[in-house]
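# Observations on the model geometry
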Amino acid sequence: MFKKDPLQIIAFHSYGSNSHFYLRGRALEDESIDLEAKGWFKLLINSFKRFESDEVKHVEINLKLPNNLVLKTNTDADGYFKCEEHLDNLNALTNNNGWLPIVASYSDVSIKRHIISSNQFPAEILIPAEDSEFGVISDIDDTILHTGVVSRLKWRVLFNTFFKGAFSRIPLEGAAQFYHLLHRGKSGKKANPIFYVGHSPWNMYRYLDYFLKKNNFPKGPILLRSMGSIFSKKSLDTKPQKQKEIVHIIKAYPHLNFILIGDGGEHDADIYMELAETYPNRILTIYLRSVNHEKKMLRIKSLFENYKTTPVLLVKSSEQAIAHAREKGFI
């Protein structure tokens, strides 16, 4: 008989407010994925483990806050959990950077499986400072990370996903510097929140989290989507999951305006334009990074040719975005 893998909990960097607790994560078997592994065979094995994850379904999870309050939630059929509660005075529990530390654990300690890390798993939610000047919502693929999403047949996306480690992926030049400038604001002393929203499945969470840390991007919530939503058929009135996540962020902070950053490769332009129309006074600027695809860029340019609702800047480099942000007083 094969020995069963031990259990773990992966808590995703999430977000909240002084009265709104919102944490997501997943209970999984520990596949021992080495994010620093080198060599195509090891990288392929890691990718297989990442997408062939064994979830722990329908179990209760404890979430312990610094004040010893314990919230309880349950995993679904895919091992995901989401805890959303109205609580008071969460700001008092955050560290100097606005992060609220939490300890996640399995409620049933008599479970007949080994649980790694002594059944203590770190989790965090970001509670933006009340004096934040604005928030930044950024796409990931081809906005801060080269993916090849506009290449023919998507072969570059597959190659980069399965045969390149997070440690070797190259960020777009100057992106980390631009995000740090926005994070610190005009005075250089703020902690404006940065949210990373992508089309990738949650299976890629640790990979992307490692990439952001290694390349010195500001720490922020990472919001992805389930594998089921990728392959499910969409009805005509269903919005993309990415758009729903952004709307949830905007609604979570009714007194905060936002800068949206994306690229011209896929659907960012359409999603951002609709968001700006829905929240016309909440979107300060839209930055769209140019991609190496003439037809797509012609469509984007025509889309915004006579657009007046909110400023839109198509940029070929981070330097262009930095110069514009400085001119507008964002940095």
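Computed from a predicted structure; not experimentally measured. (Residues numbered from 1 in each chain as written. Predicted model: local features only at pLDDT ≥ 70, side-chain atom pairs only at ≥ 80, totals over all residues. Heavy atoms only, no water.)

### Some remarks on the packing of helix α6 (residues 241-252) against helix α7 (residues 268-278)
Rules: All axes here are fitted lines through C-alpha atoms, helices being fitted over the stretch that makes contact, and every angle between N-to-C directions spans 0 to 180 degrees. Each helix corresponds to a stretch of at least 4 residues labelled H or I by DSSP, and each strand to a stretch of at least 2 residues labelled E; elements are numbered beginning at the N terminus. Definitions for this section: a left-handed crossing has its near helix turned counterclockwise from the far helix by less than a right angle. A right-handed crossing has that turn clockwise. In what follows, residue pairs with any heavy atoms lying within 4.5 Å of each other are defined as contacts. For this classification, the nonpolar set comprises Ala, Val, Leu, Ile, Met, Phe, Trp, Tyr, Cys and Pro, the charged set comprises Asp, Glu, Lys and Arg, and every other residue, Gly included, is treated as polar.
Following both chains from N to C, one finds α6 and α7 inclined at 35°, their axes separated by 11 Å at the closest point. In this structure, the crossing between α6 and α7 has a hand that is right-handed. In this structure, α6 contributes K242, Q243, I246, V247 and I250 to the contact, and α7 contributes D268, I271, Y272, E274 and L275. Split by residue class, the contact of α6 with α7 holds 6 nonpolar, 1 polar and 3 charged.

### As for the pairing of strand β4 (residues 60-64)
Going by this rule: Strands were regarded as paired on the criterion that DSSP finds at least two bridges between them.
Here β4 runs beside strand β5 (residues 70-74); their pairing, made up of 5 bridges, is antiparallel. Opposite E60, over in β5, you have N74 as the bridge partner. Between β4 and β5, which pair antiparallel in sequence order, lie 5 residues; one of them, N68, sits at a positive phi of approximately 75°. Direction of pairing for β4 relative to strand β7 (residues 99-106): antiparallel, over a ladder of 4 bridges. Within β7, the residue paired with N62 across the bridge is S105.

### Things to note about the confidence of the model for the protein chain
In plain terms, the rule: pLDDT is a per-residue confidence score from the predictor, ranging from 0 to 100.
Summary statistics for the protein chain give a mean pLDDT of 82 and a share of 79% for residues scoring 70 or more. Across residues 37-52, where pLDDT falls below 50, the model places 32 contacts with residues more than four positions away in sequence or in other chains. The model gives residues 149-169 a pLDDT under 50, and that stretch makes 56 contacts with residues more than four places away or in other chains.

### Some points on the nonpolar core
Proteins that are soluble and globular tend to have nonpolar side chains buried together. For clarity, the threshold we go by: Only buried Ala, Val, Leu, Ile, Met, Phe, Trp, Tyr and Cys residues count toward a nonpolar core, and they belong to the same one when joined by side-chain atoms within 4.5 Å. Throughout, exposure labels follow a simple rule: accessible area from a 1.4 Å probe, protein chains only, divided by the maximum for the residue type, with under 20% read as buried, over 50% as exposed, and the rest as partly exposed.
I144, F178, L182, Y196 and F217 are the most contacted members of the largest nonpolar core, which has 36 residues in total. Going through the elements one at a time, β1 (7-12), α3 (175-184), β10 (194-201), α4 (205-214), β11 (222-225), β12 (258-263) and α9 (318-327) are the ones with two or more residues in this core.

### Topic: unusual backbone geometry
For N68, which is not a glycine, the phi torsion comes out positive at approximately 75°. Position of N68 among the secondary structure elements: in the loop between β4 and β5. Phi is positive for N216, close to 60°, though the residue is something other than glycine. Mapped onto the fold, N216 is located in the loop between α4 and β11.

### Quick look at the pattern of salt bridges
Stated formally: By convention in these notes, a salt bridge is any Lys or Arg side-chain nitrogen within 4 Å of a carboxyl oxygen on Asp or Glu.
Using the criterion set out here, one finds 9 salt bridges in the structure. Note that E29 and R113 form a salt bridge whose closest N and O atoms lie 3.0 Å from each other. Here the residue E29 occupies a position in strand β3 (residues 20-29), and R113 occupies one in the loop between β7 and β8 (121-126), the gap between them amounting to 84 residues. Here K72 makes a salt bridge to E60, at a shortest N to O gap of 3.8 Å. Note that K72 is positioned in strand β5 and E60 in strand β4, a separation of 12 residues in sequence.

### Digging into the side chain of E245
Looking at the element boundaries, E245 is found in helix α6. Once residues within four sequence positions are removed from consideration, E245 is found in contact with Y15, Y22, R24, V197, L223 and L224.

### Some points on the sheet that holds strand β6 (residues 80-86)
Strand order in the open sheet formed by 3 strands is β1-β3-β6, with antiparallel pairing between adjacent strands. Bordering the open sheet on either side are β1 and β6, each of which pairs with just one other strand. Pairwise comparison of adjacent strand axes, ignoring direction, gives a mean angle of 25° for this sheet. Pairing geometry for β1 and β3, over 6 bridges, is antiparallel. The residue bridging I10 from the neighbouring strand is R26, located in β3.

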